[in-house]
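Tertiary structure, described
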Amino acid sequence: MPAQGRHGGIHMRLKKTVKIVLGIIIAALVAGIATILYLTQRVVMNPEGTVGNTAGNLNNDGRFCEYDGTVYFLNSFPGGGLFAMNPDETEFKRLNSLEVRNILAGGKYLYYYHTGISYEESGFSGALGLRTFQRCRLNGSNASSLTTKVVVTAQLVNNYLYFLTAANDDLSFSKMKIDNSDEVKLADYLINPACAENGIIYYNGTQGNHFLHALDTSTDAPREIWQGNLWNPVLDGDYFYYMDVAENYRLCRYSRSENAVEVLTQDRVECFNVGSGYIYYQTNGTDAALKCMGTDGSNPTVIAAGVYHNINMTSRYVYFQEFRDDYTIYHSPLGSSGYDVFQAAKDAAAEK
């Protein structure tokens, strides 16, 4: 064969080989990109025993949530949004500029109800219009809307969100898997899922009685466990802390092991939170005040005279707001009798 013919054949074979190699490389790249997209979009399931937030926080608007060494919170000062910080109130990080409620955390994700308000750069709030319940990564990225229903309250239990929604005058209690699948309606009346432990949701009845009920999330089967007259139960150790409906909403606790009730205060209580050996509670009447006492009712102390709400607790601080002022956050070290404005959060909100 002439040299020119041989060289031409080699050249053609080389071109064919290059095309095959390029095809293999492109296919590998496409497969790699598809795998990366799948892995980044795939929702990772939670470890067994996951609970999204404490009942006390959720019953107080769920504005703070401590998880795995980080506190996630609504920084409601002008210019704020959803922030993260250390439990000692250092290293603030803005996750987004949304006004949120009902913050939950578990596994790789945060969950929250976005009220439709955003904190604009001017420092004032502007309506966005769309209210959604969202899931995002712990760093605030990859936010995804799970439902546009009005969420009254929600709790994360293992791999399901249990939530109460409102439409006009109708209430609906449902569950949804964290990947936005398997939504099931469980009841058409008020069930507050805030109090959860070991796969069980504890709640007060609203249909003819206020008894203590338990919902086993492995079967979604409810059962009555104690014929008390209670509201907003909070489980801490062996005790359920609750407002006694029949006795002017005084604060009591019920021992599971002893089947016994202790009255902690005769004050009418508007809201309360429990944790780390303390109870913070707001009293009603002419001497209305935010108070603190031990979980056994000992050493009641006035923290702040007046009317306060949104009492949220972390492992080191209690946070609260004055009634009709949903911007200013006050804080107090747990067990302290003093309080002041959460200035570090205010400064962080103002940073651009």
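Below: a short report on this structure. Model, not experiment: these values are computed from the prediction.

The next subject is the packing of aromatic side chains. In total, this model carries 20 aromatic pairs according to the counting rule given. Plain terms: the ring middles of Phe64 and Tyr319 are 4.1 Å apart, the flat faces sit at 10° to each other, and that makes the pair stacked. A residue pair is termed long-range when its members are at least 10 positions apart, and Phe64 in strand β1 (residues 64-67) and Tyr319 in strand β27 (residues 317-322) qualify at 255 residues. Take Tyr319: its relative accessible area is 1%, and that puts it in the buried class. Judged by centre distance (6.0 Å) and plane angle (50°), the ring pair of Phe92 and Phe342 falls under tilted. Of this pair, Phe92 sits in the loop between β3 (81-85) and β4 (93-96) while Phe342 is found in the loop between β29 (340-341) and α3 (343-350), placing the two residues 250 residues apart along the sequence. Among the residues examined, Phe92 registers a relative accessible area of 25% and is labelled partly exposed. Connected via pairs of aromatic rings, a cluster forms that spans Phe64, Phe73, Phe83, Phe92, Tyr317, Tyr319 and Phe342. One cation-aromatic arrangement involves Arg135 over Tyr109; the distance from NZ or CZ to the ring centre is 5.7 Å.

With that settled, consider the nonpolar core. Most often, soluble globular proteins have nonpolar side chains that are buried together. Counting 40 residues, the largest nonpolar core has Tyr111, Phe133, Leu161 and Phe272 as the members making the most contacts within it. Considering every element that reaches this core, the biggest residue donor is strand β19 (residues 239-244), with four residues. Excluding residues that lie within four positions of it along the chain, Phe272 makes contacts with Gly56, Asn60, Asn232, Val234, Tyr241, Tyr242, Met243, Leu251, Tyr280 and Tyr281. Core analysis: the next-biggest nonpolar cluster, separate from the first, contains 14 residues, Tyr72, Leu82, Ala84 and Ile103 among them.

Cut-offs and rules
Residues numbered from 1 in each chain as written. Predicted model: local features only at pLDDT ≥ 70, side-chain atom pairs only at ≥ 80, totals over all residues. Heavy atoms only, no water. Phe/Tyr/Trp six-rings, centres within 6.5 Å; stacked < 30°, edge-to-face > 60°. Helix = DSSP H or I, 4+ residues; strand = E, 2+ residues; numbered from the N terminus. Buried < 20%, exposed > 50% of the residue type's maximum accessible area, 1.4 Å probe, protein only. Lys NZ or Arg CZ within 6 Å of the ring centre and 35° of its normal. Core = buried A, V, L, I, M, F, W, Y, C linked by side-chain atoms within 4.5 Å. Contact = heavy atoms within 4.5 Å.

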